[in-house]
Amino acid sequence: MARAGRLSLVEIILWGLRIAVVIGVVAGTWATLSAGRLEGDQWRTLVILGIAQGSVYALIALGYTLVYGVLLMINFAHGDVFMFGAMTAFFVADALAGGGFLNANPFLGLAVVLLVAMLSSTLVAVLLERIAYRPLRRAPRLVPLITAVGASLFISNSVRGLYGEQVKAYPRLDILEGSLDILGIPILKTQAMVIVSAVVLMLILYWFVERTRTGRAMRAVSEDKDTAALMGINVDRTITTTFAIGGLLAGAAGVLYALVFGQVHWFMGFLPGIKAFTAAVLGGIGNIVGAMLGGLSLGVLEQVGPNLLLSGAGVPSPNQLRDVVAFSVLVLVLIFRPYGILGRPETR
Amino acid sequence: MQKYMRWSAILVVLMLALAACQSGGGAASEEPSAEESAPPASEGAGGEDPSAVCDADEFGCVEVLEGDSIRIASALSITGDTSFLGNDSNFGIEIAIADRGEVAGHEIELVKEDAGCGDAASGQTAAQAIVADPTIVSVIGTTCSRTAVPAMPVLADAGLVMISPSNTAPSLTNPETEDFGGPFYFRTAYNDRVQGAAVAKFACEELGVTTAATIHDGSPYAEQLQQVFVDQFAEQCDGTTTSQEAINVGDTEFRSVLEPIAVDEPELLYFPIFDPEGPLITQQAQDVAGLENTILMGSDGIKDQGFLDTAGDVAEEIGMYFSGPDLSFGGTYESDFLPAYVELSGEDGPIAPYHAHGYDAANIIFDAIEAVGVEDAEGTLFIPKDALREYIAGLTDYAGLTGTLTCDENGDCGAEDVSVAQVVDGEYSEIWTTRDQ
């Protein structure tokens, strides 16, 4: 009794909310599953769709999280770094496809396209840091945030001016048509490629950050910039490296995205950018594994959530509420775990 | 540093002052002449006194000095994914201007505003830019029904008529809905009550299907068109609609929407939405188990060059259908209009379905100006705004490019012929029309 008396109003409301969420989720899921409209196969397809979509989010989210780790700033122009890689590589892909080279040598062709995208995104990310953020390193934290928004508009509108505003159709690769059968589960080849590439890239990144000298320097800078500098770490170079790695991953994500959806345009970075930022926050911003987890869970939530939670509850056209479901989960996670799934409280 | 600050502060103040002078000066010189204080004691060419006409008109007159152009505005979607639709209508308007030469002794100048499509607010922005310019006589727009809804109250307050070449949502001309465009709203496009019924007829009689599913994007156009189709499909041949799904504008992954639809294996999937969601759904439907035998059908919202560029090959391969206005207008359309279009646009042919409707909308406005405009002794043309609206509202049996147009009391003026097309050799080709029924 005495303990109950110490429960503050906020805690009571939070507990009420927790119980309401659990009841809502269980009731919605139960209603959907007992209605039995979708079967095992379809749920599996939806989950795979979610993982593929989530892998792209995760690759972009890593850029947000890495930069936040070393600079404690949100690089809102990162979505446009992603777009820039995809757009630049479009011209290479289109030229290669025009001569029939891409379908004749799909692996070499894809490697070239991927390389161009990654390099151009890296270039933009590094220039962005050098021109827009480094001069403001000692400015109050709100200043680089505003600069980032400005840089985002600058990049997207430059691309609009340079490459035009029409949607561009990415060439289709014959080798990526159709689906694979993995352990009896049919997976579209594009999705398999996206998932595999994302996993490989994330493993390389994890190894790089944990096992190499530069990775160790990055971790040191993210712990404490001044002490790291005293230890002989070149802080500026480390920060540039961080931006470059974010750019590399975003460029790769751009090509993967373009191969799945078959089209690119100047504004394509906006929504994935916002979603990836959400994923980074969901996973715990600043945490690399968290960004991967956040991206995957956001992707799966988006594809499965509306169908699972809402359709059984009799909500008409549940998929229109995809973002509502995804962002509600974000809000709930932040209420109960303010630092995200794997984040830790900020000490500075 | 401080020195810079001081200089930039002075610069900012100067710029503000300059801007204030410009807008203030403009307003001061335009407003009295446009509203009440027309030149005194002058006789119009038609024997009417302009100042009396303008005083009597609820919204006053737009004044065009001798030698000046009459300015009309277009508020269409001219940037972004749906720009094919808006640019197409603009080409129609420009051809109308070139064909007409002079209206009431003045040249015509077209002011192009971007009203967008996906975001309703951009319709309001365009309308505000237009009413801020007192020299504009009338408006042709908008491309999408969604943007017309917030644009109309702004334009109607200023007494500006808007004729849309491509809004088709039924609610815009239905006084019982919130979206109703009001007395200043007209359209040369058909009402989707007509398109939805025609698509249902095509599905029942030509395709012989009994089950269908629909997808809309929450826009008034898509939501209402698919609903009309669903109602008519049930009424005309007892067709069953297995699901009515909806998507978000801006999303790219639609297989999770298609999966639940595929459970019922509908014979027809009708998705009257826009670019780029329409082409994406067309492509992604190919990957979804259960939709292998489903006939895909889109509408005038995606029947444009943008769709052909991104998913035209898939649509051709699977024989996808597109509903839209019947473009076999006959008359001078083939002989005069299309060659002029090709020359003006630099394209091989129309990039979207609503060019001829733009042409008619422009010509109706020109006729109205000639009918109600009054000229004074100095050659200044006065165009009373409310009289202009009344003239268009009373339009009867107007012989336009798109057919014989008569405006009803709610603003529907369009000809009502609907066609169904398929992609053949990379182009839309009409295979069925209500004209033959």
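Residues numbered from 1 in each chain as written. Chains lettered and ligands numbered in written order. Predicted model: local features only at pLDDT ≥ 70, side-chain atom pairs only at ≥ 80, totals over all residues. Heavy atoms only, no water.

Caption draft 1: A look at the overall build of chain B. Looking only at helices and strands, chain B features 13 helices and 17 strands. A burial count over chain B gives 58% of its 437 residues as buried. Sequence separation of at least 24 residues holds for 73% of the intrachain contacts in chain B that already meet a minimum separation of 6. Total accessible area on chain B is roughly 16800 Å²; 49% of this is exposed by carbon and sulfur atoms. (Helix = DSSP H or I, 4+ residues; strand = E, 2+ residues; numbered from the N terminus. Buried < 20%, exposed > 50% of the residue type's maximum accessible area, 1.4 Å probe, protein only. Contact = heavy atoms within 4.5 Å. Areas by Shrake-Rupley, 256 points an atom, 1.4 Å probe, with all protein chains shown as cover.)

Caption draft 2: Main features of the environment of Ile72(B). All names here are of chain B. Turning to its location among the elements, Ile72 is positioned in strand E2 (residues 70–76). Its relative accessible area of 0% is what places Ile72 among the buried residues. Separated by 278 residues in the primary sequence, Ile72 and Pro350 place their C-alpha atoms 23 Å from one another. Those residues in contact with Ile72, other than ones at most four positions away along the chain, are Ile108, Glu109, Leu110, Val111, Val137, Ser138, Ile140, Ile365 and Phe366.

Caption draft 3: Main features of the packing of helix H2 (residues 9–35) of chain A against helix H14 (residues 322–336) of chain A. Residue and element names in this part refer to chain A. For the pair H2 and H14, interaxial distance at closest approach is 11 Å and the crossing angle is 140°. In terms of orientation, H2 lies oblique with respect to H14. When the axes of H2 and H14 are compared, the crossing they make is left-handed. Contacts between H2 and H14 involve Leu14, Leu17, Arg18 and Val21 from the former and Leu332, Ile335 and Phe336 from the latter. Taken together, the residues that form the contact of H2 with H14 break down as six nonpolar, no polar and one charged. (Axes fitted to C-alpha atoms, helices over the stretch in contact; angles between N-to-C directions. Parallel < 35°, antiparallel > 145°, perpendicular 65-115°, else oblique. Left-handed = near helix turned anticlockwise from the far one by under 90°. Nonpolar A, V, L, I, M, F, W, Y, C, P; charged D, E, K, R; others polar.)

Caption draft 4: Main features of the side chain of Thr282(B). Residue and element names in this part refer to chain B. Here Thr282 lies in helix H9 (residues 277–285). For Thr282, a relative accessible area of 0% corresponds to the buried category. Within the structure, the side chain of Thr282 is placed 2.9 Å from the backbone oxygen of Gly278, a separation counted as a polar contact. Not counting residues up to four positions away in its chain, the partners in contact with Thr282 are Phe271, Leu296, Phe307, Ala311, Val314, Ile318 and Met320. (Polar contact = N/O pair within 3.5 Å; in protein donor to acceptor, adjacent residues only side chain to side chain.)

Caption draft 5: Region of interest: the packing of aromatic side chains. Applying the stated criterion across every chain, the model contains 23 aromatic pairs over all chains. Their ring planes at 55° and their centres at 5.2 Å tell us that Phe229(B) and Tyr270(B) sit as a pair that is tilted. Highlighted residues: Phe229(B) in helix H7 (residues 220–237) and Tyr270(B) in strand E9 (residues 268–270), separated in sequence by 41 residues. Exposure remark for Phe229(B): the relative accessible area of 0% places this residue in the buried category. In this structure Tyr270(B) comes out as buried when scored by relative accessible area, which is 0%. On the basis of an interplanar angle of 40° and a centroid distance of 6.2 Å, the ring pair of Phe337(B) and Tyr341(B) is categorised as tilted. Remark: Tyr341(B) and Phe337(B) occur in helix H11 (residues 332–345); sequence separation between them is four residues, near one turn of the helix. Exposure class is identical for Phe337(B) and Tyr341(B). Each is buried. One aromatic cluster in this structure is built from Phe91(B), Phe329(B), Tyr333(B), Phe337(B), Tyr341(B) and Tyr359(B). Geometry around Trp15(A) places Arg18(A) over its ring, the cationic atom sitting 4.8 Å from the centre. Over the face of the ring belonging to Phe184(B) we find Arg389(B), whose NZ or CZ atom lies 5.6 Å from the ring centre. (Phe/Tyr/Trp six-rings, centres within 6.5 Å; stacked < 30°, edge-to-face > 60°. Lys NZ or Arg CZ within 6 Å of the ring centre and 35° of its normal.)

Caption draft 6: Just the interface of chain A and chain B, in detail. Each side of the interface is counted separately: chain A has 30 residues, and chain B has 33 residues. In total, chain A and chain B occlude about 2700 Å² of area from one another, counting both sides; carbon and sulfur atoms represent 47% of this. When the buried area of chain A at its contact with chain B is split by residue, Arg37(A), Phe261(A) and Gln320(A) rank highest and sum to 21% of it. Scanning the region where chain A abuts chain B turns up one salt bridge. Of the charged contacts, one joins Asp251(B) and Arg322(A) as a salt bridge, the two residues approaching to 3.2 Å between their closest N and O atoms. Inspection of the region where chain A meets chain B yields 10 residue pairs in polar contact (both at pLDDT 80 or more). Elements with a minimum of two residues in the side of chain A that touches chain B: helix H3 (40–71), helix H11 (235–261), helix H12 (270–283), helix H13 (288–310) and H14 of chain A. (Buried area = accessible area lost by both parts, 1.4 Å probe. Salt bridge = Lys/Arg side-chain N within 4 Å of Asp/Glu carboxyl O.)

Caption draft 7: Spatial organisation of the pairing of E2(B). All names here are of chain B. Among the seven residues of E2, seven are classified as buried, and the element is accordingly described as predominantly covered. Burial of the side chains of E2 extends over both faces: Ile70, Ile72, Ser74 and Leu76 are buried on one face and Arg71, Ala73 and Ala75 on the other. In terms of strand pairing, E2 meets strand E3 (residues 108–114) through seven bridges, oriented parallel. Looking at E3, one finds that Leu76 is bridged to Asp114. Each parallel crossover has a hand, and the one from E2 via helix H3 (residues 83–100) to E3 is right-handed. As paired elements, E2 and strand E4 (residues 136–141) share four bridges and run parallel to each other. The residue bridging Ser74 from the neighbouring strand is Ile140, located in E4. (Pairing = 2+ DSSP bridges. Right-handed = clockwise from strand over helix to strand, strands pointing away.)

Caption draft 8: Representation of the sheet that holds strand E10 (residues 295–298) of chain B in the model. Residues and elements named next belong to chain B. Taken together, seven strands build an open sheet; the order of strands is E8-E7-E9-E10-E11-E16-E17 and the sheet is mixed. Both outer strands of the open sheet, strand E8 (240–246) and strand E17 (427–433), are each paired with one neighbouring strand and no more. Looking at each pair of strands side by side, their axes are set apart by 25° on average, direction ignored. Examined bridge by bridge, strand E16 (residues 418–424) and E17 share six bridges and lie antiparallel to one another. When the bridges of E17 are listed, Val424 appears paired with Glu427.

Caption draft 9: Here's a closer look at the sheet that holds E4(B). Residues and elements named next belong to chain B. Pairing in this open sheet of five strands is parallel, and the strands run E3-E2-E4-E5-E6 from one edge to the other. Edge positions in the sheet fall to E3 and strand E6 (185–187), since each has one partner strand and no second. Pairwise comparison of adjacent strand axes, ignoring direction, gives a mean angle of 25° for this sheet. Direction of pairing for E4 relative to strand E5 (residues 161–164): parallel, over a ladder of three bridges. Its bridge partner being in E5, Ser138 is matched across the sheet by Val161. This element, helix H4 (residues 120–131), spans E2, E3 and E4 of the sheet and lies at about 145° to E3.

Caption draft 10: Structural detail: the nonpolar core. Leu59(A), Leu62(A), Tyr133(A), Tyr170(A), Phe229(B) and Phe271(B) are the most contacted members of the largest nonpolar core, which has 139 residues in total. Here the element with the most residues in this core is H11(A); it accounts for 15 residues. The contacts of Leu62(A), once residues within four sequence positions are left out, are Met202(A), Leu205(A), Leu249(A), Ile288(A), Ala291(A) and Met292(A). Listed in part, the 70 residues of the second largest apolar core include Ala75(B), Ala126(B), Ala362(B) and Leu381(B). (Core = buried A, V, L, I, M, F, W, Y, C linked by side-chain atoms within 4.5 Å.)

Caption draft 11: Representation of the pattern of salt bridges in the model. All names here are of chain A. The final tally for this structure, using the stated rule, is 20 salt bridges over all chains. Note that Asp41 and Arg44 form a salt bridge whose closest N and O atoms lie 3.0 Å from each other. Taken together, the residues Asp41 and Arg44, both in helix H3 and three residues apart, mark about one turn of the helix. For Arg44, a relative accessible area of 34% puts it in the partly exposed group.

Caption draft 12: A look at the state of the cysteines. Residue and element names in this part refer to chain B. Counting across every chain of the model gives four disulfides over all chains. Disulfide partner of Cys54: Cys61, at an S-S distance of 1.9 Å. The S-S bond linking Cys54 to Cys61 shows a torsion near -100°; that makes this disulfide left-handed. For the pair formed by Cys54 and Cys61, the shared burial category is buried. Note that Cys117 is cross-linked by a disulfide to Cys144, the S-S spacing being 2.1 Å. (Disulfide = S-S within 2.5 Å.)

The analysis is restricted to geometry; functional conclusions fall outside its scope.
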